[in-house]
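Here is how the chains run, residue by residue.
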Amino acid sequence: MSTTQKTLGHMFALFTIVVWGSCYVLTKNLLAAGYTAIQIIPLRMALAYVALLVMRPKFLRLPLKDELMFVLIGITGGSFYFFLQNTALTYTYAANVSIIVSLSPIFTVMLAQLFSRTNEKLGRFVYIGSLVAIAGVVLVVLNGSLNFHLSPLGDVLALAAAVAWAVYSILIKKYTERYDNFIVTRRVMLWAFLTAIPLMLLTDGMPDLTPLFTQPKVLLSWLFLAVFGNAVCFAIWNIAFQRLGVVVTNNYLYASPFVTLVVGWLLLDESISVMGIVGAVLITVGVFLTQKSETTD
């Protein structure tokens, strides 16, 4: 693969992390409007599906085996992943969830070595960079506070979310190489939506859609989360998987807490401590080190 293609893959991954890091802040607008964390999942998935249909108005007939795999992909990277992550927040501290979910690149490394047919070969810099980046994530998430408490149920749910994302990452790569990437992403959004509906009905019930169309701030937040956070970014993240490999791409996830911290400072007037800045430097160094590894797709 050419250097230009790989560079574009890095740019896609970096853009996605900036958007995903911003999503945490904009989600607060929907929460403030009365939507629960679980209700937001199908709302995002449904609009993302429509957006992707507009972007690529074509349909794909899949063999039954592939369709069943897309159900699993939609669950692990969509409905169940967000359900586990959001539910974990009700049982444990946000700092715990942020740190534990940020471990998903580690699980991706493990699964890539065990199950990836492309046999991604990882150099020592992936492991060194991962450790440095994890240290940075911890500092960024704590952001001047040394309070980190264990809460077994919530922490286990967050750990399950990290594993679910790693499974999604391994499964999706094969299909982005086989089918049109935007259509693949749309199929994932469809199954994520369909499997999120039962979770929502069993927990918080149907949401009131009125605020989405009567409050501009809520509408813009919903549009950003669904169109950019889901439709666009899931699609170009999958392209990054193709060009960089799932391990190198997922290492960009380490930077997500810092992006959230900066956006919170810009939009919500939240503070950034010296600890957070040091953590950002460590994340940058860690991600840079992981890119030095020779990874074959």
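This text follows the structure it describes.
Only a predicted model underlies this, so the values are computations on that prediction, with no experimental measurement involved. (Residues numbered from 1 in each chain as written. Predicted model: local features only at pLDDT ≥ 70, side-chain atom pairs only at ≥ 80, totals over all residues. Heavy atoms only, no water.)

Draft legend 1. Molecular detail of the overall build of the chain. Per the secondary structure count, the chain includes 13 helices and zero strands. Listed by position from the N terminus, the elements making up the chain come as α-α-α-α-α-α-α-α-α-α-α-α-α. For the chain, with 297 residues in total, the buried portion stands at 53%. Nonlocal contacts in the chain, meaning residues at least 24 apart in sequence, comprise 89% of its contacts between residues at least 6 apart. In the structure as shown, the chain presents an accessible area of about 13700 Å², 70% of it carried by carbon and sulfur atoms. (Helix = DSSP H or I, 4+ residues; strand = E, 2+ residues; numbered from the N terminus. Buried < 20%, exposed > 50% of the residue type's maximum accessible area, 1.4 Å probe, protein only. Contact = heavy atoms within 4.5 Å. Areas by Shrake-Rupley, 256 points an atom, 1.4 Å probe, with all protein chains shown as cover.)

Draft legend 2. Fine view of the packing of aromatic side chains. Under the definition given, this model contains 14 aromatic pairs. A centroid spacing of 5.3 Å and a plane angle of 50° characterise the contact between Y81 and W165, whose relative ring orientation is tilted. Highlighted residues: Y81 in helix α3 (residues 64–91) and W165 in helix α7 (residues 152–178), separated in sequence by 84 residues. A relative accessible area of 9% places Y81 in the buried class. Judged by relative accessible area, which is 4%, W165 ranks as buried. Taking 5.9 Å as the distance between ring centres and 85° as the angle between the ring planes, the aromatic pair formed by F213 and W222 counts as edge-to-face. (Phe/Tyr/Trp six-rings, centres within 6.5 Å; stacked < 30°, edge-to-face > 60°.)

Draft legend 3. Quick look at α3. Given a rise of 1.5 Å per residue, 28 residues ought to cover 40 Å, and the 38 Å separating the end C-alpha atoms of α3 matches this to within 8%. I75 marks the point of greatest bend in α3, at about 50°. (Expected span 1.5 Å × (residues − 1). Bend = angle between axes of the 7 residues up to and from the residue.)

Draft legend 4. Representation of the nonpolar core within the structure. Core analysis: the largest hydrophobic core is formed by 71 residues, its most contacted members being I17, W20, L30, I73, W165, Y168 and W237. Among all residues touching L30, those that are not within four sequence positions of it are Y35, I40, L212, V218, S221, W222 and L225. (Core = buried A, V, L, I, M, F, W, Y, C linked by side-chain atoms within 4.5 Å.)

Draft legend 5. How the structure looks around the environment of I106. The residue I106 is located in helix α5 (residues 104–115) in this model. We classify I106 as partly exposed; its relative accessible area is 25%. In sequence terms I106 and I134 are 28 residues apart; their C-alpha atoms lie 9.6 Å from each other.

Draft legend 6. Representation of helix α8 (residues 181–203) within the structure. The end-to-end C-alpha separation of α8 is 33 Å, in line with the 33 Å expected for 23 residues at 1.5 Å each. The largest bend in α8 comes to about 25°, at A196, with the proline P198 one to four residues further on. One side-chain oxygen of the residue at the start of α8 lies 3.0 Å from the amide nitrogen of F182, identifying that residue as D180. Where α8 terminates, the next one or two residues include G205, which has phi positive at roughly 80°. (Polar contact = N/O pair within 3.5 Å; in protein donor to acceptor, adjacent residues only side chain to side chain.)

Draft legend 7. The arrangement of the pattern of salt bridges in detail. This model, assessed by the stated rule, comprises four salt bridges. Of the charged contacts in the structure, one is a salt bridge between D180 and R56, with a shortest N-O distance of 3.1 Å. Of this pair, D180 sits in the loop between α7 and α8 while R56 sits in the loop between α2 (37–55) and α3, placing them 124 residues apart in sequence. The class of D180 is partly exposed, set by a relative accessible area of 32%. Ionic pairing is found between R178 and D66, a salt bridge with its closest N-O pair at 3.2 Å. Of the two residues, R178 sits in helix α7 while D66 sits in helix α3, which places them 112 residues apart along the sequence. (Salt bridge = Lys/Arg side-chain N within 4 Å of Asp/Glu carboxyl O.)

Draft legend 8. Focus on the packing of α2 against helix α10 (residues 216–244). Remark: α2 packs on α10, axes separated minimally by 8 Å, with the N-to-C direction vectors making an angle of 65°. Relative to α10, the crossing made by α2 is right-handed. Contact residues: α2 offers L43, R44, M45, L47, A48, A51, L52 and M55, while α10 offers W222, L223, L225, A226, V227, G229, N230, A231 and V232. Partitioned by chemical class, the residues of the contact of α2 with α10 number 14 nonpolar, two polar and one charged. (Axes fitted to C-alpha atoms, helices over the stretch in contact; angles between N-to-C directions. Left-handed = near helix turned anticlockwise from the far one by under 90°. Nonpolar A, V, L, I, M, F, W, Y, C, P; charged D, E, K, R; others polar.)

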